[in-house]
Amino acid sequence: MPNSQLSSKLRSSSKRRRSKSKRQKLVPNQPEPLHQETEEEQEEEEEDEGNGFKLKTSAKHGVQPLGNLYFINKGAVNVRNTGLGNLHVLTDELVLEILALLGAAHLGVLATVTKSLYVFANHEPLWRNLVLEELKGEFFFTGSWKSTYVAAASSHKFESSGESVLKIRDFYSDYLFQSWLCANLEMRQEWLERDNIVRVRGISVEDFITKFEEPNKPVLLEGCLDDWPAVTKWTKEYLTKVSGDVEFAVGPVEMKLENYFRYSDGVTEERPLYLFDPKFAEKVTVLDSEYDVPVYFKEDLFSVLGRERPDYRWIIIGPSGSGSSFHIDPNSTSAWNAVITGSKKWVLFPPDVVPPGVHPSPDGAEVACPVSIMEWFMNFYGDTKNWKKRPVECICRAGEVVFVPNGWWHLVINLEESVAITQNYVSRRNLLNVLEFLKKPNAKELVSGTNDRENLHDKFKKAIEEAYPGTIQDLEKKAEEKRIAEEQKVTFWDAATDSKSGAFKFSF
């Protein structure tokens, strides 16, 4: 959805405050709201913004979509431009890229120059980067990234929401507004109602292979986790207790679970940090004993490499709104994803269909896509309604498993705080695909999860030949026979056309 359309949709029912700017002082050890809200503002925060859009709060600093300047507040002067002076010709993205070169002290000084620079210098992603770059994972989230940074740099202890906030009148920016909107928008019902994945329970391994793994089709498996101790034990309290001081991979940093849960409980942002750790079972061995690979995925040929195998299993923890934007699983592997607590919305496209808004490079090494998952739903999800090949969609809940075939594009967003286990694997059904992928000329850029990308193909093939002699040759023979059979199939056009005369044949 273009921003102009977004603006027109939102302005129809939203109440825009036009009160004077207010400042709230930062007081040590005294939690206070960012500013004293009027009844009108409180109503605004609960208001349905129309067309199914529901917002969690009012826009920080009073930023409004640019459409409001043209259609609602006609004649107003955009303080975004007046406060930037000659820099107003730069795009918002470029202004923020320049500010990202500054340290915290300079951002603080710059925020006092004009109202416009105040809004830009307080953009939360700038402070998030500062926290992650300077504090790594050793931070205690206090409600916003700026207040978190200030608290860490100060000898005083500030409670959450202890931050100076100004509400700026007549600041219009589609870029900054959409960033805030994506962070505060709730999933629309129409984004959740489509559920067209095949669901099965108690299917045999043979049927799973025949109906789903061999034809490379996704499926949701029910009842696979009934015997997992993790399903009943893995609460936040339990995970925090058994993990102790162990640190897990969270985005670009390592964090203790206690600190991560403090963050995830209090954050509202466009791209929440996602705990995604490939070494969790080695770090906390008791976790390894409290789940088991479902029977359908027991064959895992990468295991022949032992400790040299690429990363293949992860514990995944994240708040509502966190998740993974569109991607294809690494190294041409297939995968399974088991939800232990919470729920996840899945959108999957087959290998021959690139999702709207997603632009992979010709060699597949890079993928350009919307900044956030919510942005994709807002701007591109509706495009798929009229597609001949519609995506496979579902909501995977606690106790359920999604099978992701190799090569399928998929997006996942947590609908609530969720804990999951996922594992990538190689079976006989996708072994040839994996070997072909690993020997690509640009394997150094494509292969992931290992430090020895260039030699992984040769190591893996040799290990397979030693552990399972003749397997690769048998699979290649079957693949060739299948290819020939497909070529020899008589198409309708061939059957209907006389190859000698070029005339049509009809028989009744």
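The rules behind the values
Residues numbered from 1 in each chain as written. Predicted model: local features only at pLDDT ≥ 70, side-chain atom pairs only at ≥ 80, totals over all residues. Heavy atoms only, no water. Patch = residues over 30% accessible without salt bridge, like charges linked within 9 Å, V, L, I, M, F, W, Y side chains within 5 Å. Areas by Shrake-Rupley, 256 points an atom, 1.4 Å probe, with all protein chains shown as cover. Salt bridge = Lys/Arg side-chain N within 4 Å of Asp/Glu carboxyl O. Lys, Arg positive; Asp, Glu negative; His and termini not counted. Charge placed at Lys NZ, Arg CZ, Asp CG, Glu CD. Helix = DSSP H or I, 4+ residues; strand = E, 2+ residues; numbered from the N terminus. Buried < 20%, exposed > 50% of the residue type's maximum accessible area, 1.4 Å probe, protein only. Arc of directions from axis to C-beta. Pairing = 2+ DSSP bridges. Axes fitted to C-alpha atoms, helices over the stretch in contact; angles between N-to-C directions. Contact = heavy atoms within 4.5 Å. Core = buried A, V, L, I, M, F, W, Y, C linked by side-chain atoms within 4.5 Å. Parallel < 35°, antiparallel > 145°, perpendicular 65-115°, else oblique.

As for a negative patch on the surface
Together, Asp363, Glu366, Glu445 and Glu454 give the surface a local cluster of negative charge. Take Glu445: it is sitting in helix α20 (residues 443-446).

Some details on helix α5 (residues 92-99)
Every buried residue of α5 is accounted for by Asp92, Val95, Leu96 and Leu99. An end-on view of α5 places all buried positions within 95° of arc, on one side of the element.

Focus: a nonpolar patch on the surface
Together, Tyr70, Phe71 and Ile72 make up an exposed nonpolar region whose accessible area comes to about 320 Å². Tracing the sequence through the fold places Phe71 in helix α3 (residues 66-71). Its relative accessible area of 48% is what places Phe71 among the partly exposed residues.

Observations concerning the sheet that holds strand β9 (residues 343-349)
Ordered by their spatial adjacency, 4 strands build an open sheet running β7-β14-β9-β12, and the pairing between neighbours is antiparallel. What marks the edges here is a single partner per strand, and that holds for β7 (323-327) and β12 (392-397). Between one strand axis and the next, the sheet turns by 15° as a mean value, whatever way the strands run. As judged from the 6 bridges shared by β9 and β12, these two strands associate in the antiparallel manner. Looking at the pairing, Lys345 lines up with Ile395 of β12.

A few points about the environment of Ala111
Along the chain, the position of Ala111 falls in the loop between α6 (104-110) and α7 (115-121). With residues up to four places along the chain from it excluded, the contact list for Ala111 reads Leu117, Tyr118, Ala121 and Asn122.

A word on the pairing of strand β14 (residues 409-414)
With 6 of 6 residues buried, β14 lies mostly within the body of the structure. On β14, burial covers both faces: Trp409, Leu411 and Ile413 on one face and His410, Val412 and Asn414 on the other are all buried. Looking at chain direction, β7 and β14 are connected through 3 bridges and run antiparallel. Directly across from His327, in β14, lies its bridge partner His410.

Overview of the pairing of strand β3 (residues 247-250)
Of the strand pairs in this sheet, β3 and strand β4 (residues 253-256) are connected by 4 bridges, and their pairing is antiparallel. In the strand pairing of β4, Ala249 is matched with Glu254. Hairpin connection from β3 to β4: 2 residues lie between these consecutive antiparallel strands, with Gly251 at a positive phi of about 55°.

Some points on the nonpolar core
In terms of nonpolar packing, the biggest core is built from 95 residues, with Leu221, Trp234, Phe297, Trp336 and Phe377 touching the most fellow members. If we ignore the near neighbours within four places in the chain, the residues touching Trp336 are Trp228, Tyr291, Val293, Pro294, Phe297, Val401, Val402, Ile421, Thr422, Gln423 and Tyr425. Membership of the second largest hydrophobic core comes to 18 residues, among which are Val434, Leu435, Ala443 and Ile464.

Description of the packing of helix α19 (residues 431-438) against helix α22 (residues 471-488)
Where α19 meets α22, the closest approach of the two axes is 10 Å, and the angle between their N-to-C directions is 100°. Put simply, α19 runs roughly perpendicular to α22. From α19, Leu431, Leu432 and Leu435 reach across to α22, where they touch Thr471, Ile472, Leu475, Glu476 and Ala479.

Read these as geometric descriptors, not functional statements.
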